[in-house]
Amino acid sequence: MGGTYVLVLNLPRATTIEVGALGRIEFDAGAYAYVGSAFGPGGFARVDRHRALAAGDRNTQHWHIDYLLGHSETTLETAITFPDADRECELVDRLPGERVAAFGALDCDCPAHLLDAPGLETVRDAAVAEGGRPGSE
């Protein structure tokens, strides 16, 4: 099964991370929300791949989010799924937070798919209010 997902991340300290072709990006400390889609082979197995990367059990970096998840201080707090729903661009518009320019949105017309969110609970609750199924890390 596939669909759309929201990864809720915590970065305890401000840091600069090299993010592939985007180059060096300065991240403030705090909560982030990444909105992605998993409609290809394996569906939500993509979320499991993100979890493994965040846990340090995997190193391969294909997408922008992999660079943030692979940072030693980033924690994946939860993943919220929207089974069989193609809502990636809609959700990034509806969830609270400021977009991190160009991050995760090279394959669509959105300015970004990563939000610098106002807080972990705030963004998680907003995603659930949009109809997402909460999970845990």
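Rules used in this analysis
Residues numbered from 1 in each chain as written. Predicted model: local features only at pLDDT ≥ 70, side-chain atom pairs only at ≥ 80, totals over all residues. Heavy atoms only, no water. Helix = DSSP H or I, 4+ residues; strand = E, 2+ residues; numbered from the N terminus. Buried < 20%, exposed > 50% of the residue type's maximum accessible area, 1.4 Å probe, protein only. Polar contact = N/O pair within 3.5 Å; in protein donor to acceptor, adjacent residues only side chain to side chain. Core = buried A, V, L, I, M, F, W, Y, C linked by side-chain atoms within 4.5 Å. Contact = heavy atoms within 4.5 Å. Salt bridge = Lys/Arg side-chain N within 4 Å of Asp/Glu carboxyl O. Phe/Tyr/Trp six-rings, centres within 6.5 Å; stacked < 30°, edge-to-face > 60°.

A.B. asks: Quick one: what's the story with the environment of Thr 4, residue by residue and with numbers?
C.D. replies: Here Thr 4 lies in strand S1 (residues 3–11). For Thr 4, a relative accessible area of 0% puts it in the buried group. Here the alpha-carbon distance between Thr 4 and Ala 85, two residues 81 residues apart in the chain, equals 5.9 Å. Among the polar contacts made by the side chain of Thr 4, one reaches the main-chain amide nitrogen of Arg 87 at a distance of 2.9 Å.

A.B. asks: Describe in detail the nonpolar core, supporting the description with residues and values.
C.D. replies: Leu 7, Leu 9, Phe 27, Ile 65, Leu 68, Phe 103 and Leu 114 are the most contacted members of the largest nonpolar core, which totals 22 residues. At the level of secondary structure, the elements contributing two or more residues to this core comprise S1, strand S2 (15–19), strand S3 (23–27), strand S4 (30–38), helix H1 (45–54), helix H2 (64–69) and strand S5 (75–83). No other element matches the four residues that S1 contributes to this core. Each residue touching Leu 68, except ones within four places of it in the same chain, is listed here: Leu 9, Ile 17, Phe 27, Thr 74, Phe 103 and Leu 114. Among the nonpolar cores identified, the runner-up in size contains 18 residues, and Val 8, Val 35, Leu 95 and Ala 105 belong to it.

A.B. asks: Account for the pattern of salt bridges, with residues named and values stated.
C.D. replies: Scanning the model with the defined rule gives nine salt bridges in all. The salt bridge partner of Asp 66 is Arg 49, with a shortest N-O separation of 3.0 Å. Residue Asp 66 is located in helix H2, and its partner Arg 49 is located in helix H1; the two are separated by 17 residues in the primary sequence. Accessibility classification places Asp 66 together with Arg 49 in one group, the buried group. The residue Glu 90 makes a salt bridge to Arg 94 at a minimum N-O spacing of 3.9 Å. A residue pair is termed a helical-turn pair when its members lie 3 or 4 positions apart in one helix, as Glu 90 and Arg 94 do in helix H3 (residues 88–94) at four residues.

A.B. asks: Now, about unusual backbone geometry: what can you tell me, with residues and values included?
C.D. replies: For Asp 84, which is not glycine, the phi torsion reads 55 degrees and is therefore positive. Inspection of the secondary structure assignment puts Asp 84 in the loop between S5 and H3. Here Ala 102, not a glycine, exhibits a phi torsion of approximately 70 degrees, which is positive. Structurally, the position occupied by Ala 102 is in the loop between strand S6 (98–99) and strand S7 (114–116). A residue is classified by how much of its surface remains accessible, and Ala 102, at 28% relative accessible area, is partly exposed.

A.B. asks: Describe the packing of aromatic side chains, and please don't skip the residues or the numbers.
C.D. replies: Enumeration according to the criterion identifies four aromatic pairs in this entry. Between the aromatic rings of Tyr 5 and Tyr 34, the centroid separation amounts to 6.4 Å while the plane-to-plane angle is 50 degrees, which identifies the pairing as tilted. On the criterion of sequence distance, the pair formed by Tyr 5 in strand S1 and Tyr 34 in strand S4 is long-range, its members being 29 residues apart. Judged by its relative accessible area of 7%, Tyr 34 is buried. Where Phe 27 meets Tyr 32, the ring centres are 5.7 Å apart and the plane angle is 80 degrees; that geometry is what we call edge-to-face. Residue Tyr 32 is classed as buried on the basis of its relative accessible area of 2%.

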